[in-house]
Amino acid sequence: NRRLQQMFVACESTSGEVVGFAEVDARPLGGNSDDNRINRSYMYNLAVDKKWKRKGIATELIRACEEFVINMHEVCAENRLYLRVRSCNNAAISLYKSLGYDEVDPASISLTKEDINSNSLEEGELVLLAKDLPIDAECEVECEVE
C-alpha cells in the first residue's frame, strides 16, 4: 500500500523556521467506488511566508508535489496534477502558468463550478488548473508490457 498524501515543508537552513509548505494527495474520482486505483491527484494548501516570497520556494514545493504524483502512477487514473486557486490571485495564477499549468473546465472531469468552490474557507471564486506530468520510465515499461 502506497501513502496517498504527502506534505512538503520548506525550512530556513540555520534556524529551522518553517517558511513554506504544500500538500498533495490522490483522491477518489467520486462515488463509492470499490476500485481504489481510481484516484486523481490534487495539490493544495501551498503557502510561503511573506518574508520568503519570490525566492523560488513555491516553485520548489510545486516541483516536489509533481514528483510525488509522477511516482504515484500505479494508483492514479491519470498522470496529471490538479489544483484550485482564487481567480483574483493573479500572482499565483501567473506562477502556475509559468510552470505549465492550464485552466481546466470542471465539466471535462465530471465536476461543476460548485464542486470546485465547495469546502473553501475563503471568499472568492476558485478556478481549476492542471498540468500533465511526464510518465516515469518504470511506468512506461509497465504500460508496454501490459
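Everything below is about the structure printed above this text.
Heads up: these notes are all about the structure in this document. (Residues numbered from 1 in each chain as written. Predicted model: local features only at pLDDT ≥ 70, side-chain atom pairs only at ≥ 80, totals over all residues. Heavy atoms only, no water.)

1. As for the sheet that holds strand β3 (residues 39–48)
Threshold: Paired strands, in this sense, are two strands between which DSSP finds at least two bridges. Elements are defined by DSSP. Helices are runs of H or I of four residues or more, strands are runs of E of two residues or more, and each kind is numbered from the N terminus. Should any heavy atoms of two residues lie within 4.5 Å, those residues are considered in contact. Interaxial angles span 0 to 180 degrees and are taken between N-to-C directions of axes, which are lines fitted to C-alpha atoms, for helices over the stretch in contact.
Strand order across the open sheet formed by six strands is β1-β2-β3-β4-β6-β5, with mixed pairing between neighbours. Edge positions in the sheet fall to β1 (5–11) and β5 (102–103), since each has one partner strand and no second. Pairing geometry for β3 and strand β4 (residues 80–86), over three bridges, is parallel. Residue pairing in the sheet places Ser 41 in a bridge with Leu 81 of β4. Of the strands in this sheet, β1, β2 (18–28), β3, β4 and β6 (126–132) are in contact with helix α1 (residues 57–70), which crosses β3 at around 160 degrees. Of the strands in this sheet, β3, β4 and β6 touch helix α2 (residues 90–98), which is tilted by about 160 degrees from β4.

2. Concerning the packing of aromatic side chains
Heads up, the rule is: The pairing test for Phe, Tyr and Trp rings, Trp by its six-membered ring, is centres within 6.5 Å, and the orientation test on the planes gives stacked under 30 degrees, edge-to-face over 60, and tilted for anything in between. Per-residue accessibility, obtained with a 1.4 Å probe over protein chains only, is compared with the maximum for each type, and a residue is labelled buried under 20%, exposed over 50%, and partly exposed between these values.
This structure, assessed with the given rule, holds three aromatic pairs. Between Tyr 42 and Tyr 82, the ring centres sit 5.6 Å apart and the planes meet at 35 degrees, which makes this aromatic pair tilted. Pair noted here: Tyr 42 is in strand β3 and Tyr 82 is in strand β4, with a separation of 40 residues, a long-range link. Exposure class is identical for Tyr 42 and Tyr 82. Each is buried. For the ring pair Tyr 96 and Tyr 101, a centre distance of 5.8 Å and an interplane angle of 65 degrees mean the geometry is edge-to-face. Neither Tyr 96 nor Tyr 101 differs from the other in exposure class; each is buried.

So far we have only geometry, and geometry alone does not tell us how the molecule works.
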